[in-house]
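Spelled out, the chains give:
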Amino acid sequence: MFKLSSSLLFALAAGVLASPADPLITASPTLDKRASSCTFSGSDGAASASKSQAACATIVLSDVAVPSGTTLDLSDLADDTTVIFEGTTTWGYEEWDGPLLQIKGNGITVKGASGAKLNPDGARWWDTEGSNGGKTKPKFFYAHDLSDSSITDLYIENTPIQAVSINGCDGLTITDMTIDSSAGDAGGGHNTDGFDIGSSSNVIITGAKVYNQDDCVAINSGTDITFSGGLCSGGHGLSIGSVGGRSDNTVDTVTFEDSEVTKSDNGIRIKAKSGETGEIKGVTYSGITLSSINKYGILIEQNYDGGDLHGDPTSDLPITDLTIKNISGSGAVSSSGHNIAIVCGSTGCSDWTWSSVDVTGGEDYDSCQNVPSVATCDT
Ligand SMILES: *[C@@H]1O[C@H](CO)[C@@H](O)[C@H](O)[C@H]1NC(C)=O
């Protein structure tokens, strides 16, 4: 009904009359005839929202219960749409790949209202195997192909596996997002990455809090990416990579700053796959505070093979223009862990800046190789 009348209005306004043989609904109105605000809720809220998404300037998702095996799909939004989550959004249980939520578009504003929660109740899938086996687990949120968009104040609880996948984005700011999968520490959560970023540019993530069991942030490729004012707890730390062997193997200009990593396997980790090509350049870690680190305070490796520090490092995926500065981690590493491990290929690492790095508590790693002269594995 809505489409019909707006098409007619448009046709009349434009002075264009369709010949009787033409279908009536052909013109696409250039004026914004979207309903100003549409609210969806309950068990048919997701399907209705997906169906009507292009016709609403603001979409309010209020206590939506997404049925099992389906995506809350907002991948066909009109430009400049606002999406607001209210109350608790839930998802039914099914073994499948997901994603459970997908949002795509230009100029999109996504917000969590006060007290709103996105709760996929991942504990129903947790079996300690993550994406490596056991139950097939859905990925949670594809923030793919968003440009000039923002996501603010989302609170996400207990994801089955990876939480937020950022891919194909240009101009995305994520502010004050909490991802709390901490129940998975005791409950079999695995591969519950916070943010996985690939093939994106101009991404800013500020004030994020991530409680999980895998990378807090993992950047596989992308340009101009900043993570600041964040807290990472329970997982594998602030990671670049693994880089190599994908369609996009360039990481260029990435900054991690003023953030805290605690109760994690690693603090800072850069993983380049051995035998692969690509580049990791212009990465900065600055103002990072580490505490309760189990394995490595700082780990930089060109011999990642799916596991850390395996085999011979190679140089065709160089790590250049790397800055590691103002890292506070005195006594941060457990006595069975290693403070700093750097393993580079013979010409793989160059133009590094390294200052005010204080990471202690664990052992020195004694198999460091080709460490640039400004840096050191000795603590
Ligand atoms: C070092 O990092 C800490 C923690 O983010 C910050 O408060 C402090 O201002 C930084 N110091 C310098 C000299 O940049």
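Residues numbered from 1 in each chain as written. Predicted model: local features only at pLDDT ≥ 70, side-chain atom pairs only at ≥ 80, totals over all residues. Heavy atoms only, no water.

Labelled according to an unreviewed UniProt entry, the protein chain appears under the name endo-polygalacturonase, originating from Aspergillus cavernicola. The protein chain has a UniProt comment under Catalytic activity (unreviewed entry) that states "(1,4-alpha-D-galacturonosyl)n+m + H2O = (1,4-alpha-D-galacturonosyl)n + (1,4-alpha-D-galacturonosyl)m." (UniProt positions renumbered as here; feature names shortened; annotations may be inferred.)

To continue, consider the environment of Phe-140. Relative to the assigned elements, Phe-140 resides in the loop between strand 8 (117-119) and strand 9 (141-152). Classification of Phe-140 by relative accessible area gives buried; the value is 0%. Sequence separation between Phe-140 and Ile-161 is 21 residues; the distance between their C-alpha atoms is 7.2 Å. (Helix = DSSP H or I, 4+ residues; strand = E, 2+ residues; numbered from the N terminus. Buried < 20%, exposed > 50% of the residue type's maximum accessible area, 1.4 Å probe, protein only.)

To continue, consider the site of the ligand. Lining the immediate environment of the ligand, one finds Asp-258, Gly-287 and Asn-326. Note that an oxygen atom of the ligand is positioned 3.2 Å from one of the side-chain N or O atoms of Asp-258. The side chain of Asn-326 places a nitrogen or oxygen atom 2.3 Å from an oxygen atom of the ligand. (Near = heavy atom within 4 Å. Polar contact = N/O pair within 3.5 Å; in protein donor to acceptor, adjacent residues only side chain to side chain.)

We now examine the packing of aromatic side chains. Applying the stated criterion across every chain, the model contains seven aromatic pairs. With 4.7 Å between their ring centres and 40° between their planes, Tyr-93 and Trp-125 make a pair best called tilted. Residue Tyr-93 is located in the loop between strand 5 (88-91) and strand 6 (101-106), and its partner Trp-125 is located in the loop between strand 8 and strand 9; the two are separated by 32 residues in the primary sequence. Residue Trp-125 is classed as buried on the basis of its relative accessible area, which comes to 0%. (Phe/Tyr/Trp six-rings, centres within 6.5 Å; stacked < 30°, edge-to-face > 60°.)

Right, let's talk about the nonpolar core for a bit. Formed by 83 residues in total, the largest nonpolar core has its most connected members in Ile-166, Phe-195, Ile-240 and Tyr-285. The greatest single-element share of this core, amounting to eight residues, is contributed by strand 22 (residues 279-304). Setting aside anything within four residues of it in sequence, one finds Ile-240 in contact with Ile-219, Val-251, Val-254, Phe-256, Arg-269, Ile-270, Lys-271, Ile-280, Val-283 and Tyr-285. Tyr-296, Leu-309, Ala-341 and Tyr-365 belong to the second-largest nonpolar core, a separate cluster that totals six residues. (Core = buried A, V, L, I, M, F, W, Y, C linked by side-chain atoms within 4.5 Å. Contact = heavy atoms within 4.5 Å.)

Our focus in this paragraph is unusual backbone geometry. Note the cis peptide between Gly-98 and Pro-99, where omega equals 5°. Note on placement: Pro-99 falls in the loop between strand 5 and strand 6. Cis peptide bonds are those with omega within 30 degrees of zero, and the linkage from Gly-241 to Ser-242 qualifies with 10°. Inspection of the secondary structure assignment puts Ser-242 in strand 20 (residues 238-243). One non-glycine residue, Asn-191, lies in the positive phi region at around 60°. On the basis of relative accessible area, Asn-191 is assigned to the buried category, the value being 10%. Positive phi is not limited to glycine here, since Ser-199 has a value of about 45°.

So, about the side chain of Thr-262. Inspection of the secondary structure puts Thr-262 in strand 21 (residues 250-273). Of note is the side chain of Thr-262, whose polar atom sits 2.8 Å from the side chain of Ser-291. Excluding anything up to four places from it in sequence, Thr-262 contacts Leu-231, Cys-232, Ser-233, Gly-234, Ser-291 and Ser-292.

Turning to the environment of Ala-163, a few remarks are in order. For Ala-163, the position within the fold is in the loop between strand 10 (155-157) and strand 11 (164-167). Exposure remark for Ala-163: the relative accessible area of 1% places this residue in the buried category.

To continue, consider the UniProt feature "active site" (unreviewed entry) in the protein chain. Look at the UniProt record and you will see "active site" (unreviewed entry) annotated at His-236. In contact with His-236, other than residues within four places in its own chain, are Gln-213, Asp-214, Asp-215, Asp-265, Asn-266 and Arg-269.

The final tally for this structure, using the stated rule, is eight salt bridges. Across the pair Asp-215 and Lys-271 runs a salt bridge whose closest N-O atoms are separated by 3.9 Å. Residue Asp-215 is found in the loop between strand 16 (209-211) and strand 17 (217-219), and its partner Lys-271 is found in strand 21; the two are separated by 56 residues along the sequence. Owing to a relative accessible area of 5%, Lys-271 belongs among the buried residues under this scheme. Asp-252 is the salt-bridge partner of Lys-281, the closest N and O atoms lying 4.0 Å from each other. Separated by 29 residues along the polypeptide, Lys-281 in strand 22 and Asp-252 in strand 21 bring together distant segments of the chain. (Salt bridge = Lys/Arg side-chain N within 4 Å of Asp/Glu carboxyl O.)

Attention now moves to the state of the cysteines. Counted by the stated rule, this structure contains four disulfides. Through a disulfide, Cys-216 is tied to Cys-232; the S-S separation comes to 2.2 Å. Taking the sign of the torsion about the S-S bond as the criterion, the disulfide between Cys-216 and Cys-232, at about -65°, is left-handed. Highlighted residues: Cys-216 in the loop between strand 16 and strand 17 and Cys-232 in strand 19 (residues 231-233), separated in sequence by 16 residues. This pair shows no difference in class: Cys-216 is buried, exactly as Cys-232 is. At a sulfur-sulfur separation of 2.0 Å, the disulfide partner of Cys-344 is Cys-349. Disulfide Cys-344 to Cys-349: torsion about the S-S bond roughly -90°, handedness left-handed. The burial state of Cys-344 is the same as that of Cys-349; both residues are buried. Going through the protein chain in sequence order and numbering each bonded cysteine, the pairs you get are 1-2, 3-4, 5-6, 7-8. Summary of cysteine pairing: Cys-169 is not part of a disulfide, and the nearest cysteine sulfur, belonging to Cys-216, is at 18 Å. (Disulfide = S-S within 2.5 Å.)

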